[in-house]
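One letter stands for each residue in the lines below.
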There are 4 protein chains.
Amino acid sequence: MTNTQVTLCQIDNYGPWTVTPEPRREADLQTLQSRLYADISQFVGNRDGYVFFTRFDNMIAVTNGLTFEDHALLQESVGNRYPVTLSLGVATGKTPVQALSDATTLVQDAGSAQDKNRRECLEGRVIDDEHRTDDDVQIAHFDVIDATGEYTDELNAFDTFIEIEQGYASLMRYMREAHDSLAFFVGGDNVIVVCPDLGEGEYEDAIYHVQEDVDVELQVGVGRGKSPHDAGIAAKHALEDCRADGTRVELGW
Amino acid sequence: MTNTQVTLCQIDNYGPWTVTPEPRREADLQTLQSRLYADISQFVGNRDGYVFFTRFDNMIAVTNGLTFEDHALLQESVGNRYPVTLSLGVATGKTPVQALSDATTLVQDAGSAQDKNRRECLEGRVIDDEHRTDDDVQIAHFDVIDATGEYTDELNAFDTFIEIEQGYASLMRYMREAHDSLAFFVGGDNVIVVCPDLGEGEYEDAIYHVQEDVDVELQVGVGRGKSPHDAGIAAKHALEDCRADGTRVELGW
Amino acid sequence: MTNTQVTLCQIDNYGPWTVTPEPRREADLQTLQSRLYADISQFVGNRDGYVFFTRFDNMIAVTNGLTFEDHALLQESVGNRYPVTLSLGVATGKTPVQALSDATTLVQDAGSAQDKNRRECLEGRVIDDEHRTDDDVQIAHFDVIDATGEYTDELNAFDTFIEIEQGYASLMRYMREAHDSLAFFVGGDNVIVVCPDLGEGEYEDAIYHVQEDVDVELQVGVGRGKSPHDAGIAAKHALEDCRADGTRVELGW
Amino acid sequence: MTNTQVTLCQIDNYGPWTVTPEPRREADLQTLQSRLYADISQFVGNRDGYVFFTRFDNMIAVTNGLTFEDHALLQESVGNRYPVTLSLGVATGKTPVQALSDATTLVQDAGSAQDKNRRECLEGRVIDDEHRTDDDVQIAHFDVIDATGEYTDELNAFDTFIEIEQGYASLMRYMREAHDSLAFFVGGDNVIVVCPDLGEGEYEDAIYHVQEDVDVELQVGVGRGKSPHDAGIAAKHALEDCRADGTRVELGW
């Protein structure tokens, strides 16, 4: 049974900061946001976690494997090197949405995202090492079948983008409502979904739903593991099986 | 009348590279993609252009102000510092979609995104300096009214994200179909749209459409300028007027 | 008694890479070198180690606290994100120079720095966790007394730089020859030295030597710890005592 | 005749910032310093200038080709993305040291490096575009003959480093005193020197001096150009001639 540890990373007072004393150059904001995300991706990823850029001022991470002290260090390091600071809430749950919900509440209880007095709050709990199991995390890695042939080499780059976004938006809502899962677009034609215990039938249903809803054809590789990296790399290999064998759903166990 | 110069930046052979010889760690791919985007944002932004991360392996930029030599230098610099290379297509048009379409065709004609022999193609034309005018670029900066109060401080972070994504997906399709415009989510609750010559009525219609379609309330500041930065900073200031005055549409001229 | 774990990080075949097929833009090489160093500093530093930029194509790190698997992960992550790869040699010794010497030999035995077939070698041994003690690392943090008043606000920036370099070169040779220590300039007017077990008298002698040799006045804070971070932060606090009390040598234990 | 434009980039109030409220993690300071330098290297380098890391809190750049507005933009962009700010002084002179001296005075006159009220000063003058010539900049690129065979593959990495540092310290002092030149170690076994009009004989003398002083054997390629990049890439090609032909001094004109 899955036991997902989710961390919400929220930049403190970001909205006001971006326009004080004057609106800042957009290109600089994009650079700052992207590099902050990249740093968090290295920190979390090097401990076998995954973090998703989400809205950039709010980033969602799956942090099975990171200790509470790791969270404190991440917060300290960002505070030393950026003109903004992070608040972090960590929680666990049988479903990813449950964990993310509790993590969000921890941060909201500490203060508004635009509360100029709320800085670097750090609340929550991690899974003790001795309670971690190889089933804690389930990751599904979806991509669009032959996106390059169907879209990238055929349509203009924005119309291709619209198709990918449609597929993502449809999958995202469905997986959230049907399965309390968290789906994230990660570039190209790829969507990574953090799931509870789901089986082949449920993934087939999801693919069918998206095809009917927005006419985008997906395939998926699924993996399980003690950490997001373990689950995710198994999912990537399963997805390679889809590509090689022409199947739509492959489970990595 | 607008005269938008658009550049498509496409990473060469990226899909295959990410899985050769084995699938690479997802956190490293996220870091690479984000930092490459951040670098392009600095290069383009420092010349008063804007670039949007789009799908990360395909990035769309508005490059009024960048010369053809600037494009060559960007390509060379990326080739010197990353394990991947970029192909670039530049074109101009009365509408942003027209320009983007032509830019895409230039790259597609050079070879498939997964053609292992296509590397660093550079094709197209820029607007000569003496033909540039203060009307060349129109930028609309939308955000969600009181996103912090309505969503961020109230819902869990993923449900807030779903609401923002819905608003974006609706606006993106509408602006593309009705006005040949290119809309990009840029973090937080912000969407920047690159438009042809549109007026107050058209922006009011867009806002009304999104409200009816997905029940997300937007406001917008619009700016015009010789460069994306000029147009964009005027749009940001106009958006501050929306916030201060409670209006839904503000034009910065 | 100190037990320093030292890692040599050497970029594979870098010299030839920088001029193939043509010499590359210097500014791009500087950017690549600095960002690679910064990434290694985050990776090593987040595990409480220290890495020094040294010659950029060869970087010396003190890695007490990093496991062999950590080294493999660092190597893999760099290989995923840069156009170059790293070879790593890890060794331990009673003196820092002894450890560094053995680490170097491990890399040299694997192949020349310009051997085009040597890629990503990883050799050596780390200190097992159960054998680590609070005395393993000794760090001395030197700086120039009132560099701002004496030099920065008075001389031109290059003549100030020459003075700092002279002080560094003198201290570096002395500490290497007298105490098998590794001294690194870390910016500003600061030099961090990795030492074996030394006492107040030895630090006084070092300061006297540099004053006589090149007429640069140093002060030093010294710390001990299980990791370079622990030892180093104690050294920084001790240095603050020098600044507050006007003393030349302060030991943090 | 050379006409070097030099910019001093000095971080405002950096010393106090690094220890307020407490000393900050050394690895984070190293990361911050290196990435700030890398960003300045991209900004300046993309405009065909060169910047050298020098002491990291004080960086010296040769900025022929950068306008005063470019300097203002660099300053603004750094202020938007870092927790520190830069003060900049720009000056020109027949010799590099003269220009650097005047640039330093401009910054010193605005306030101490540790004056908590001095922020983002920007003073000086650039060379007007119509007064720029192909002789403005002379760059000499030195390296150690067969450093890999003589040192890197033979000695331990720190003793190799000491040898390179000795060679650099000797060359740096000599070129400053004899020729008002600015010499910078740029990694590996490379030193780039910014010179006034010097000829073959003067470079031979410099090489002879270093050999006699510290027994390190150098070779050098020299280039001239309108910008540091033009002069520097010519110098790199000339250095390749040294390597190919076994000569000690090669002029790229």
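Residues numbered from 1 in each chain as written. Chains lettered and ligands numbered in written order. Predicted model: local features only at pLDDT ≥ 70, side-chain atom pairs only at ≥ 80, totals over all residues. Heavy atoms only, no water.

A. Region of interest: the pairing of strand E6 (residues 137–144) of chain D. Residues and elements named next belong to chain D. The buried fraction of E6 amounts to eight of the eight residues, a majority that puts the element mostly inside the structure. Covered by surrounding structure in E6 are Val137, Ile139, His141 and Asp143 together with Gln138, Ala140, Phe142 and Val144, the residues of both alternating faces. Where E6 and strand E9 (residues 218–225) come together, eight bridges link them in antiparallel fashion. Looking at the pairing, Phe142 lines up with Val220 of E9. (Buried < 20%, exposed > 50% of the residue type's maximum accessible area, 1.4 Å probe, protein only. Helix = DSSP H or I, 4+ residues; strand = E, 2+ residues; numbered from the N terminus. Pairing = 2+ DSSP bridges.)

B. Broad picture of the relation of the copies chain B and chain A. Expressed as a screw operation, the relation of chain B to chain A combines 0.0 Å of axial shift with a rotation of 180 degrees, fitting to an RMSD of 0.0 Å. Such a turn and shift between the copies fits a two-fold axis. Measuring from the rotation axis to each C-alpha of chain B, the shortest distance belongs to B:Ser34, at 2.7 Å. Taken as a fraction of all interface residues of chain B, those also at the interface in chain A reach 100%, which identifies the copy contact as same-surface. (Least-squares fit on C-alpha atoms with pLDDT ≥ 70 in both. Contact = heavy atoms within 4.5 Å.)

C. Local environment of the packing of helix H6 (residues 157–179) of chain D against helix H7 (residues 200–214) of chain D. All names here are of chain D. The N-to-C vectors of H6 and H7 enclose an angle of 135 degrees; their axes lie 9 Å apart at closest approach. The angle between H6 and H7 falls in the class oblique. Helix-helix and strand crossings are classified by hand; for H6 and H7 the assignment is right-handed. Seen from H6, the contacting residues are Gln166, Gly167, Ser170, Leu171, Arg173, Tyr174, Met175 and His179; seen from H7, they are Glu202, Tyr203, Asp205, Ala206, His209, Val210, Asp213 and Val214. Among the residues making up the contact of H6 with H7, the classes are represented as seven nonpolar, five polar and four charged. (Axes fitted to C-alpha atoms, helices over the stretch in contact; angles between N-to-C directions. Parallel < 35°, antiparallel > 145°, perpendicular 65-115°, else oblique. Left-handed = near helix turned anticlockwise from the far one by under 90°. Nonpolar A, V, L, I, M, F, W, Y, C, P; charged D, E, K, R; others polar.)

D. View of the environment of B:Gln166. As for its placement among the helices and strands, B:Gln166 is situated in helix H6 (residues 157–179). Each C-alpha atom of the pair B:Gln166 and B:Asp215 lies 9.0 Å from the other, and the pair is 49 residues apart in sequence.

E. Looking closely at the interface of chain B and chain A. Listed as interface residues are 75 residues of chain B and, on the opposing side, 75 residues of chain A. Both faces combined, the contact of chain B with chain A buries some 6200 Å², and carbon together with sulfur accounts for 56% of it. At the surface where chain B touches chain A, the tally comes to eight salt bridges. Residues A:Lys236 and B:Glu26 are paired through a salt bridge, measuring 2.6 Å at the closest nitrogen-oxygen approach. (Buried area = accessible area lost by both parts, 1.4 Å probe. Salt bridge = Lys/Arg side-chain N within 4 Å of Asp/Glu carboxyl O.)

F. Examining the relation of the copies chain C and chain B more closely. When chain C is fitted to chain B, the residual RMSD is 0.0 Å, and the transformation amounts to a turn of 180 degrees plus an axial shift of 0.0 Å. A share of 100% of the interface residues of chain C reappears at the interface of chain B, consistent with the copies meeting face to face through the same patch.

G. View of the sheet that holds strand E4 (residues 86–93) of chain C. Residue and element names in this part refer to chain C. Reading across from one edge, E2-E3-E1-E4-E5 is the order of the five strands in this open sheet, with mixed pairing throughout. Looking at strand neighbours, the two that pair on one side only are strand E2 (50–52) and strand E5 (122–124), the edges of this open sheet. For this sheet, the mean angle separating the axes of adjacent strands, direction not counted, is 15 degrees. Against the sheet, helix H8 (residues 228–245) contacts E2 and strand E3 (58–62), and its axis sits at roughly 80 degrees relative to E2.

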